[in-house]
Amino acid sequence: MRTPPSAHPRRTVGPTAERALALPTRNQFSRSLVLPLALTVGMAGALIAAGQPAAASPAAGPAAAAVGHAPDRHPSRGHRADLGRETIRADDGWAAWSGPTFPDGVERQAGPTTGGAAAAPAEVYEVDTWQELRDALAGREGGSQTDARRNVTPRIVYVTGPLDAFTAPDGTQLTCDDFASQVTVGDTGEPFSMDDYIAHYDPSGPWGWADPAGPLEEARVRAASLQAAQTQQHVGSNVTIVGVGDDAQISGANLRVRDAHNVILRNLRFSDGYDCFPQWDPGDGDTGNWNSAYDNVSLWTSTSVWVDHSTFDDGAHPADSLPVVFGRPFEVHDGLLDITHGSDLVTVSYNRFLSHDKTMLIGSSDSRLQDRGQHRVTLHHNYWQDIGQRAPRVRFGDVHAYNNYYRQTRRQAETGGFQYYWGAGKESSLVVENNAVTLARGTDPAHVVGAYGGTMLSESGTVLNGRRADLLAAYNATASTPLADEARWTPSDAYRYRLLPAAAVPWVVPAAAGAGVLDSDLPR
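A. Spatial organisation of the state of the cysteines. Tallying each qualifying case throughout the model produces one disulfide. Across the disulfide from Cys 176 sits Cys 276; the S-S distance is 2.1 Å. Handedness of the Cys 176-Cys 276 disulfide follows from its S-S torsion of about -75°: it is left-handed. Of this pair, Cys 176 sits in helix H5 (residues 176–180) while Cys 276 sits in the loop between strand E14 (269–271) and strand E15 (279–281); the two residues are 100 residues apart in sequence, bridging distant segments of the chain.

This is the structure:
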C-alpha cells in the first residue's frame, strides 16, 4: 500500500473525451434570450475561457507547501497532472484565507489550504481497497480511528479505483445482515432485524407515537455501532485524498473530517453513504421521520478544507427508489456534504451534487452559539441537479455562493421532491451572486429561497430559465416574515474573485464540474 513514487509502473489515465467535453444537451435558455452574451464575447471561445477554474498551485517539490500559481486547473489534453501535490490557489475562496479561526472556541491560526503537499515520499500512498485507504489515513496497517483522527503527518493518498466500505479486510462483501446478525435482542436469543423493529414501533399499532425505547431500540443502536466501525472513516490533518483517472470512487462510506485542519479532497466520487439502521423519530415534524446517521462527507470542527472537482450522489439507492414506511420515506442517507460543529474556512468548487434530498447543511444546530463567527464557506461553479433542499442551508456562517448552476428536471417536479435551494438559518449571512437556476414547469420560483430563523440574504445577478430574476423578491412577496436583501459582510473584502456572467453558467459549469474532468496521474 505505502509506495515510493517509483515503486509501481505508472498508469497514465484521464477522463474520457465524452465526459470531459460534454455540454448540456437540453436548451438551457428561453428562445427569446438567444444567448445575447455570445454576440458580445464570442460563444466558442470567450464563454468557455471565462469559465475555466482559477489555477490550482503545484507545490515546488516533495516538501513544498507554499501557494503559487499554475497556468490552469484544466491542462491541455495529453498533459497529466499530479493532483496530489497541488494546493489551493491564492484567493480561491475562504479556504485560501489566512488568519484566526475558533472551532469550538479554541483559537487556531489558519493559512491557505495545502493538504498533504509537503508529504515525504514515505507518506505517499496508492490505494485500491477500502482497508488500504483506512490504513493510509491511520498512518499504519491496522491503525485505529483514533490514529486517523489525530494524525497530523502530511500525507497524500491516491485512490486508483472504486473503493467499497462494505468490504471486509479479507475482501468479503458485507451486507446489513452481517451487522444485524451479531446483535441479540435483549434476552430473547433472537438476532436483531429491522423488519422486527418496524413491526414493533408501528405508530398505528400498540406502540403508538411514543419514541422508540426498550430492547429493540437498544439492539438497533448496537447494530449501528457495528456498521460505523466498518463504514465510517476519520480523516486527520494535513491530508490530500485525490482520485486518479475518472473511476476513483468511495461508496458506502461516511468520510468524517473531524477536529482537523488543512485537508484537500479532489477528483473523487463520493457515493451512497448508506445507513443500514435508520432511526424512527415520531416527533420529527407532524408525521415523524426516518433519520439516517451518515453523510457521504462530514466536516466537523475542521478548518481550511478544499473540496474540489468531486461528485456526490446516492449511488445504487437514489431517493426515488426508497420504500415508504409509516407514511414517510425510509431514509438511508443524511447529507451529501455537511459542514458543521464550527467548521470554518472551506471552499467547495466545481463539484456535482446529484438527486438527493438534504444536500448540504452548514451549521448543525441553533443552540450551538459557540459557532458564531465560524462556518465561513465559499461555494462556486458547482452543479446541483434534482436537489430537494439545503443547497445550502446555513446557520451562523458568512457564506458566498457564486456561479453555481441549480437544475431541476421534469422528473423531480413530477415526484414533488423539491423544497428550496438557499436556506437562511439563524444568524446567517448568505451572499448569492450570478447563479443560474432552471426550474421545471409548475415549480414556484418563490420556493428557491427558504427562511429558517434567518433575517437576511443578499441576492444579485440570478438567471432563472434564461431570464434575469429576483428570487428573493419572489420569496418575500408571500413570506410572513420577509428577508432583508443585505449581508453583514462583503466577499471581496476577504478574497478576490471573478464572476462569470450568469447566462453562461449553464453552459460552462456542467462541462467543468465533477469527478473525472481533471486530467490526473500518479506521481512521477
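B. Layout of unusual backbone geometry. Between Ala 391 and the following residue, Pro 392, the backbone shows a cis peptide bond with an omega angle of 0°. Relative to the assigned elements, Pro 392 resides in the loop between strand E27 (383–389) and strand E28 (393–394). Located in the positive-phi region is Asp 91, a residue other than glycine, with phi close to 70°. With respect to the element layout, Asp 91 can be found in the loop between strand E3 (86–87) and strand E4 (99–101). Given a relative accessible area of 22%, Asp 91 falls into the partly exposed group. Even without being a glycine, Asp 386 presents a positive backbone phi close to 55°. Locating Asp 386 in the fold gives a position in strand E27.

C. Looking closely at helix H7 (residues 215–231). The end-to-end C-alpha distance of H7 is 24 Å, a good match for the 24 Å that 17 residues give at a rise of 1.5 Å each. Regarding H7, the residues found buried are Leu 216, Glu 217, Ala 219, Arg 220, Ala 223, Ala 224, Gln 227, Gln 230 and Thr 231. Looking straight down H7, one finds its buried side chains confined to an arc of 155°; they lie on one side.

D. Molecular detail of the sheet that holds strand E30 (residues 405–407). Strand order across the open sheet formed by ten strands is E8-E11-E14-E19-E24-E27-E30-E33-E36-E37, with mixed pairing between neighbours. Two strands in the sheet have a free side with no partner beyond their single neighbour: strand E8 (162–164) and strand E37 (467–468). Relative to strand E36 (residues 463–464), strand E33 (residues 436–438) runs parallel, the two being bridged by two bridges. Note that in E36 the partner of Ala 436 across the bridge is Val 463. Lying on the sheet, helix H11 (residues 505–512) is in contact with strand E24 (352–358), E27, E30 and E33; it crosses E30 at an angle near 90°.

E. Focus on the sheet that holds strand E13 (residues 261–266). The ten strands lie next to each other as E6-E7-E10-E13-E18-E23-E26-E29-E32-E35, forming an open sheet whose pairing is parallel. Looking at the sheet topology across the chains shown, the edges are occupied by strand E6 (124–127) and strand E35 (458–460). Strand after strand, the sheet turns through a mean of 10° between neighbouring axes, direction not considered. One ladder, built from three bridges, connects strand E32 (residues 429–433) with E35; its direction is parallel. The residue bridging Val 432 from the neighbouring strand is Glu 459, located in E35.

F. Looking closely at the packing of aromatic side chains. A complete count under the given rule lists 25 aromatic pairs for this structure. With a centroid separation of 5.3 Å and an interplanar angle of 50°, the aromatic rings of Trp 280 and Trp 290 are classed as tilted. Here Trp 280, found in strand E15, pairs with Trp 290, found in strand E16 (residues 289–291); they are ten residues apart in sequence, far enough to count as distant. Overall, the relative accessible area of 1% leaves Trp 280 in the buried class. Given a relative accessible area of 3%, Trp 290 falls into the buried group.

Here is what the cut-offs are and how they apply
- Residues numbered from 1 in each chain as written.
- Predicted model: local features only at pLDDT ≥ 70, side-chain atom pairs only at ≥ 80, totals over all residues.
- Heavy atoms only, no water.
- Disulfide = S-S within 2.5 Å.
- Helix = DSSP H or I, 4+ residues; strand = E, 2+ residues; numbered from the N terminus.
- Buried < 20%, exposed > 50% of the residue type's maximum accessible area, 1.4 Å probe, protein only.
- Expected span 1.5 Å × (residues − 1).
- Arc of directions from axis to C-beta.
- Pairing = 2+ DSSP bridges.
- Contact = heavy atoms within 4.5 Å.
- Axes fitted to C-alpha atoms, helices over the stretch in contact; angles between N-to-C directions.
- Phe/Tyr/Trp six-rings, centres within 6.5 Å; stacked < 30°, edge-to-face > 60°.

Such coordinate-based values are descriptive only and should not be taken to indicate function.
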